[in-house]
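Secondary and tertiary structure notes
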Amino acid sequence: MLMNRSVLIVAVMAIVTIILRFIPFIIFSGNKKTPKLVAYLGDVLPSSVMAMLVVYCLKGISFTSTMAFLPYIAASAVVVLSYIWKRNTLLSIVLGTACFMIMV
Amino acid sequence: MRLRTLFKKAYMASIPVLGGYIVLGMGFGVVLQSNGYGLPWALAMSLFIYAGSLQFVGIGLLTGGVSILTAALTSLMVNARHLFYGISMIDKYKGAGAGKPYMIFALTDETYSIVCNPPVYMNKKEYLTYSLFVSLLNQFYWVSGCVLGSVLGNFIPFDTTGIDFALTALFITVFVQQWIDKKDHRPAIIGVVASVISLLIFGRDNFLIPAMLAITAALCLMGAKEGYHANE
């Protein structure tokens, strides 16, 4: 009984996620030209969304004590600066993550 | 580009995700197993849900005795941001052929951050093959991580606290690259400002949907004012 309920919950999580991922493609499918507004959003959204994702990842920061937020700020700064300097994604991720892991 | 070259490019671009997914996936597998849900559950969830944050939240749903409706609404709230990825990939994934349904299914945060930003110039066909490879590789990493965590349980030999910062770092590098590529920085600024303000108002568990609404409204206004000229 309990396992049946669990199967149902996993199925619901999968179905809702799949629907969310497919909705935009279903609404604007076929060979019709994508509406101007949607094409425009497709072009400008990635920058806004990446900003939102960064905030989403950093949402757990608390400012109650210095050690609670310093690792996040310092590691993020390492990522930004090393990336501007070398333009190497992998290098920046390794440096930033190492910095974070040492500090937490 | 030859298929092998494209695969290699996809693999190189996906390495940050490899690290992040294996570690986070293992974390998920360990926690799931310690709550009484073993290997089949880790496998099924990573194959069919394939959404990191929802899977972690899902452990609470499984053990917490919530209703099916609550499970559905929670999934909707946690994953609504995927609507955004779809909207920005409609034209890019046009003509993707037989792999397209899978590519849409597999559009996670991390896959999106890689396919929205190809490392070199590619023509349409090359880009679609590259994106399919990235999608497949990333899910392979995620499923492997979840399964490993489930099987190994708590026998992880070193302290991995903080290693999940790798994914935050990935998103930051993509953000900086987009900032460098685009002349118009307003979409990026709108994203930061709208997200931070809704985080402050609605709190960390509820801020995503208001942030998405605010971003959409601001971008629509901006576009309408300027006649929807693309921002290259």
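Residues numbered from 1 in each chain as written. Chains lettered and ligands numbered in written order. Predicted model: local features only at pLDDT ≥ 70, side-chain atom pairs only at ≥ 80, totals over all residues.

With that out of the way, let us pick up the overall build of chain B. Broken down by element type, chain B carries 11 helices and 0 strands. For chain B, the C-alpha atoms occupy an extent of roughly 55 × 50 × 35 Å along the three principal directions. Counting every position in chain B, which comprises 232 residues, the buried fraction comes to 45%. Sequence-distant contacts in chain B: of pairs separated by 6 or more residues, those separated by 24 or more amount to 79%. (Helix = DSSP H or I, 4+ residues; strand = E, 2+ residues; numbered from the N terminus. Buried ≥ 20, exposed ≤ 12 C-beta atoms within 10 Å, placed from the backbone. Contact = placed C-beta atoms within 7 Å.)

Another aspect to go through is the packing of helix α2 (residues 36-57) of chain A against helix α11 (residues 208-226) of chain B. For the pair α2(A) and α11(B), the least separation of the axes is 10 Å and the interaxial angle reads 140 degrees. For the pair α2(A) and α11(B), the sense of crossing is right-handed. Contacts from A:L37, A:Y40, A:L41, A:V44, A:L45, A:S48, A:M52 and A:Y56 of α2(A) reach α11(B) at B:L208, B:A211, B:I215, B:L219, B:C220 and B:G223. Of the residues assigned to the contact of α2(A) with α11(B), the class counts are 12 nonpolar, 2 polar and no charged. (Axes fitted to C-alpha atoms, helices over the stretch in contact; angles between N-to-C directions. Left-handed = near helix turned anticlockwise from the far one by under 90°. Nonpolar A, V, L, I, M, F, W, Y, C, P; charged D, E, K, R; others polar.)

Along its sequence, chain A is organised into domain 1 (1-53) and domain 2 (63-104). Here domain 1 of chain A and domain 2 of chain A have C-alpha centroids that lie 31 Å from each other. (Domains from an automatic or database assignment.)

Taken over all residues, the pLDDT of chain B has a mean of 90, while the share at 70 or more is 96%. Interface predicted TM-score (ipTM) for the complex: 0.89; the corresponding pTM is 0.84. (pLDDT = per-residue confidence, 0-100.)

Before going further, it helps to examine the domain arrangement of chain B. Each assigned domain of chain B is listed here: domain 1 (3-165) and domain 2 (182-225). Placing a centre on the C-alpha atoms of domain 1 of chain B and another on those of domain 2 of chain B gives a separation of 24 Å.

So, on to the interface of chain A and chain B. Accessible area lost upon the coming together of the parts is a frequently used measure of interface size. Listed by partner, the interface residues are 58 residues for chain A and 67 residues for chain B. Listing elements by their share of the side of chain A that touches chain B, those giving two or more residues are α1 (2-27), α2, α3 (66-86) and α4 (89-103) of chain A. Tallied by class, the residues present in the side of chain A that touches chain B amount to 42 nonpolar, 12 polar and 4 charged.

Here we come to unusual backbone geometry. Across residues other than glycine, the phi torsion is negative in most instances, and most of the peptide bonds are trans. For A:R87, which is not glycine, the phi torsion reads 55 degrees and is therefore positive. Along the chain, A:R87 falls in the loop between α3 and α4. By the C-beta count within 10 Å, which is 13 here, A:R87 ends up partly exposed. Backbone geometry places B:Y50, a non-glycine residue, at a positive phi of 45 degrees.

This part is about the nonpolar core. The biggest cluster of nonpolar side chains holds 95 residues, and the ones touching the most others in it are A:M13, A:V54 and B:F171. Leaving out residues up to four positions away in the same chain, B:F171 has contacts with A:M50, A:L53, A:V54, A:C57 and B:S113. (Core = buried A, V, L, I, M, F, W, Y, C linked by C-beta atoms within 7 Å.)

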